[in-house]
Amino acid sequence: MNSSEHYLEGLNEQQRLAVSHGEGPVLILAGAGSGKTRAITRRIAYLIDRRICDPREILAVTFTNKAANEMKERLEQLLPGLRHYPLLCTFHSFGVRVLREYADKLGYRRSFTICDTDDQKRLLKKVFKDLGLDDEQLPVEKCRAVISRARNQGWTPDTLPKQIFSRQAEDISTAFREYLRQLKESNCMDFDDLILLPVELFEKHPRIRERYNQAYRHILIDEYQDTNAPQYKLVWLLTRIHQNVCAVGDEDQSIYGFRGADINNILRFESDFPGAVTIKLEQNYRSTQTILKAATALVANNLDRKDKTMWTDGPQGSPVMVYVAYDARQEAETVAHKIGQYLRNGESKLAVLYRTNFQSRQFEEALRRLDIPYKLVGGVSFYHRREVRDALSCLQFLRDNANSTSLARIINNPPRGIGKTTLEQVQSIVEQRNVSMWDAIRIGLEEDLYPSRAARALRSFAESVGRARKHLELPLHIALERILKELGYIQHLEDEKTEDAENRLLNINELINVARDYEGREDSMQEFLDHASLRSEADDIDDNARVTLMTLHNAKGLEFPVVFMAGCEEGLFPHSRSIDENTLEEERRLCYVGMTRAQKQLIMTYSKTRRFYGSDPGRSNLPSRFLAELPGDLTETVLIDSYGSVYGSNRPSPVSLGADSLFNPKPRNASSYKGKTYNTVESITQALENKRKSSPGFKSGDEVSHSKFGRGQVLMVEKAGDDLKITVSFPGKGMKKLLQSYAKLKKL
DNA sequence: GAAGTGTTAAATCGC
DNA sequence: TTAACACTTC
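About the cut-offs
- The numbers attached to residues start from 1 for each chain and follow its sequence in the written order.
- All chains are assigned letters beginning at A, and all ligands numbers beginning at 1, according to the order in which they are written.
- Local features in this predicted model are restricted to residues whose pLDDT is 70 or higher, and side-chain atom pairs enter the listing and the counts only when it is 80 or higher, whereas totals over whole chains, interfaces and linings include all residues.
- The basis for the side-chain values is all heavy atoms of the structure; hydrogens and waters are excluded.
- Here's how the labels work: a residue is buried when its accessible area is under 20% of the maximum for its type, exposed when over 50%, partly exposed in between, all with a 1.4 Å probe on protein chains only.
- Runs of E in the DSSP output that reach at least two residues are strands. Runs of H or I that reach at least four are helices, and both are numbered from the N terminus.
- Following DSSP output, two strands are said to pair if at least two bridges run between them.
- Any two residues whose heavy atoms approach within 4.5 Å at even a single point are treated as in contact.
- Interaxial angles span 0 to 180 degrees and are taken between N-to-C directions of axes, which are lines fitted to C-alpha atoms, for helices over the stretch in contact.
- Salt bridges are counted wherever a side-chain nitrogen of Lys or Arg sits within 4 Å of a carboxyl oxygen of Asp or Glu.
- How sure the predictor is of each residue is captured by pLDDT, a score from 0 to 100.
- Crossing handedness: left-handed means the near helix sits turned counterclockwise from the far one by under a right angle, and right-handed means the same turn made clockwise.
- In this classification, the charged set is Asp, Glu, Lys and Arg, the nonpolar set is Ala, Val, Leu, Ile, Met, Phe, Trp, Tyr, Cys and Pro, and all remaining amino acids, among them Gly, are polar.
- Of the two site types, the cavity is a set of points on a 1 Å grid over the protein atoms alone where a 1.4 Å probe fits but cannot get out, and the pocket is an open set with protein on both sides within 12 Å along at least five of seven lines, each lined by residues with an atom within 4 Å of a point.
- Grid points are joined across faces, edges and corners, and a volume is the space filled by probe spheres set on the points.
- Note on handedness: a crossover is taken as right-handed if, strands pointing away from the viewer, the path from the first strand over the helix to the second is clockwise.

> Could you give an account of the pairing of strand 1 (residues 26-30), with specific residues and numbers?
For a regular strand, side chains alternate in direction, first toward one face of the sheet and then toward the other. Among the five residues of strand 1, five are classified as buried, and the element is accordingly described as predominantly covered. On strand 1, burial covers both faces: Val-26, Ile-28 and Ala-30 on one face and Leu-27 and Leu-29 on the other are all buried. Pairing analysis gives five bridges linking strand 1 to strand 8 (residues 277-281), with the strands arranged parallel. When the sheet's bridge partners are listed, Leu-29 is paired in strand 8 with Lys-280. Pairing of strand 1 with strand 7 (residues 245-249) involves four bridges; the strand directions are parallel. Paired with Ile-28 across the bridge in strand 7 is Val-248.

> So what about the sheet that holds strand 14 (residues 598-607)? Which residues, and what values?
Strand pairs in the sheet, formed through backbone hydrogen bonds, run parallel or antiparallel to each other. Taking strand neighbours across the sheet as the criterion, the seven strands line up as 11-12-10-13-14-9-17 in an open arrangement whose pairing is parallel. Each having just a single partner strand, strand 11 (375-376) and strand 17 (635-639) make up the two edges of the open sheet. Together, strand 10 (350-354), strand 11 and strand 12 (547-551) form the strand contacts of helix 16 (residues 360-369), whose direction differs from that of strand 12 by roughly 165°.

> Mind laying out the pattern of salt bridges, listing which residues take part and the relevant values?
Between side chains of opposite charge, a pair can form when the charged atoms approach closely. For the coordinates displayed, the defined rule picks out 54 salt bridges. Here Arg-389 and Asp-116 are joined by a salt bridge, their closest N and O atoms 2.5 Å apart. One end of the pair, Arg-389, is in helix 17 (residues 386-399); the other, Asp-116, is in the loop between strand 4 (113-115) and helix 5 (117-131), with 273 residues separating them in the sequence. Each of the two residues, Arg-389 as well as Asp-116, counts as buried. Across the pair Arg-409 and Asp-390 runs a salt bridge whose closest N-O atoms are separated by 2.7 Å. With Arg-409 in helix 18 (residues 404-410) and Asp-390 in helix 17, this residue pair connects regions lying 19 residues apart in the sequence. Of the two residues, Arg-409 and Asp-390, both sit in the buried class. Linked by salt bridges that have partners in common, Lys-36, Asp-222, Glu-223, Asp-226 and Lys-556 make up one network.

> Explain the confidence of the model for chain A to me, using residue names and the numbers behind them.
Averaged over chain A, the pLDDT score is 86; the fraction of residues at 70 or greater is 85%. A low-confidence stretch, residues 739-743 (pLDDT under 50), is modelled with 10 contacts involving residues beyond four sequence positions or located in other chains.

> Let's hear about the packing of helix 4 (residues 91-102) against helix 25 (residues 524-534): which residues, and what values?
Put simply, helix 4 and helix 25 touch, their axes get as near as 11 Å, and they point 145° apart. Handedness of the helix 4/helix 25 crossing: right-handed. Of helix 25, the residues touching helix 4 (which contributes His-92, Ser-93, Val-96 and Arg-100) are Gln-526, Asp-530 and Leu-534. Here the contact of helix 4 with helix 25 is built from residues that sort into two nonpolar, three polar and two charged.

> Could you give an account of empty space enclosed by the protein, with specific residues and numbers?
One simple way to see leftover space: roll a probe sized like a water molecule over the atoms. Under the defined criterion, the tally for this structure stands at one cavity of 30 Å³ or more. Put simply, the largest cavity is a space of about 60 Å³. Looking at the lining of the largest cavity, the element that brings in the most residues is helix 25, giving four residues. Residue composition of the lining of the largest cavity, grouped by class: three nonpolar, five polar and three charged.

> Go over the pairing of strand 2 (residues 58-61), please, and point to the residues and values.
Side-chain alternation along strand 2 places Ile-58 and Ala-60 on one buried face and Leu-59 and Val-61 on a second face that is also buried. The sheet contact formed by strand 2 and strand 3 (residues 87-89) spans three bridges and is parallel. From the neighbouring strand, Val-61 faces strand 3, where its bridge partner is Cys-89. Crossover handedness for the path strand 2 to helix 3 (residues 65-78) to strand 3: right-handed.

> Could you give an account of the side chain of Gln-601, naming the residues involved and the relevant values?
Take Gln-601: it is sitting in strand 14. Each residue touching Gln-601, except ones within four places of it in the same chain, is listed here: Ile-291, Ser-318, Pro-319, Met-321, Tyr-342, Pro-561, Val-562 and Val-563.

Below, the structure is given as structure tokens:
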């Protein structure tokens, strides 16, 4: 092969060491912007080019499939004409790969379906129903999170109650057990299974483990700081006959603790893999000195970290800007306006980063008003849309009839006369005979167990399924289209003739287009479905977009000349739940990650008030403590001019340093009444008058009785548009807001 | 059983 | 604010 070793070109001494280290465990502690992904890619090139191993003996685990694809492209450039490639994928994809081969050893069929979080919730909801659990006392989402966390800790339904101290421990444990049972029964695996089951497989079947040990003689793991306990265990099992493991990570960038990532995996690498060589990459090639210093000063407030000093010999750069806006809308307007300026000045790439997805809307609207094209990452993604999931469920059910979850989703969608009563009858056969839902339908039809009308509907559906199944042999995209036609899904959408239905049809077409790309693969449908399930939001990142909107988490590993970090407010960032849960250090690392995405200019914004759920009065908040942790000489604070001055103008972004607007959350001349803001005394009088007029029947303090919730007490009566909103507290049921509910509400 | 209407809950981050 | 669900009516 070529001996020019150009994969060593342009590297500094430390990087060169990391790339050309031979066999044995290596830990590369690589700070932000130090070129760690570049180092790992070049190391792979080195291993191949020096014939230290065959390309096919290398397993490189990346954080997203997109990162894996990019790594493959880089390898193609570094080693042109390479005949074989390493296995480059995520932990989850690797798990699927193993399980598609060996699932039968664990009592699954190899055609198993991957359940995402939505599917999990749906299944858990059903479990609650079956067990008679009340989701008012135990929210399904909370239960799901607890179960997932428990599994990653290695707890079982039996040991769980001993581990957590909660009144609901028993209920959670029961739901946990039933959830696992039903999941496996429908031959489904959730995301946790994709890691836990390979671990179980390797532990129960040493021969299989050995096979993998021999097959992958070099293992490289990027973003090691974000691996969790089962993933660590998987790595451990994969390295039992050799210790050729190269972990690359940065403990300051560990931001996935909430899904079990354990920062200790990286902190104790050296003791886990004796003889490990540690190489630090401390030179930053990305950001200006100012940005790097500010970010470093921030993260230095964390106690739980290794000592690592990042430095750069890049330019000084301009100060970190801090914009203070009056409300979220103004914050977004200002950011959009600034983005417009940067674009006009020829800036190539900008990003707006925020803590939570719901913040994106304001920025979308503001950018649209200025006709600035942008790319949104995450949110309600294509693969989570209802019609796309319906279509995928059709495929999943047709290829595996035992998949009752998918069947339940499509059986009466489009409506085909199989309603609640009929489904209850099916369900009772499921329980009596202990068979799958599909079998229950067939058995019931054969033995004439259904009333004639239900039987007719079920038979027609079953026949339709039989015909649809024949299409499975066709090329994937044709199969998909014919199946959806056969099951009446497309016809149903066409009949609706609404704009919404048209959009859904377009999405179906788009899905068919995606399917076309999978044509000709060995098991194209399987790969297509796996792709849909394992796709990550970060995969949607479009490198060509000039303006990108995304969460801080999705920004991991990326860089932009100009970065806006929005919503730097106490309660939002750091998030209130993080403050409660004592995971403040992780929030600070997230802030560090966000700041170090910026190459030339970093702008952090903060809004003094913010609304939640639309109509609630804007809550005023304090600036994020992270802003206070930035060295004052590196930042410059800008207060946005009085409300309204930015709108519709092409003037440069307003800059005015009037302190009064900082701590006065209301526009001038405004007064407030019951948390609502009114601009004049007259409007308050009017509001009070309206209230008096419109609440003839009820006033606060009244004892009332509601047809559904029983006895209660009126807390507040207010006008909502033309209606009345009555807030009543019901003992044991909490507070209810009732709109137009007089008929159900009686004065006592 | 389906279509239409009313009510409520919701939103941290994500494979 | 919106989307899911629950309930009502035909």
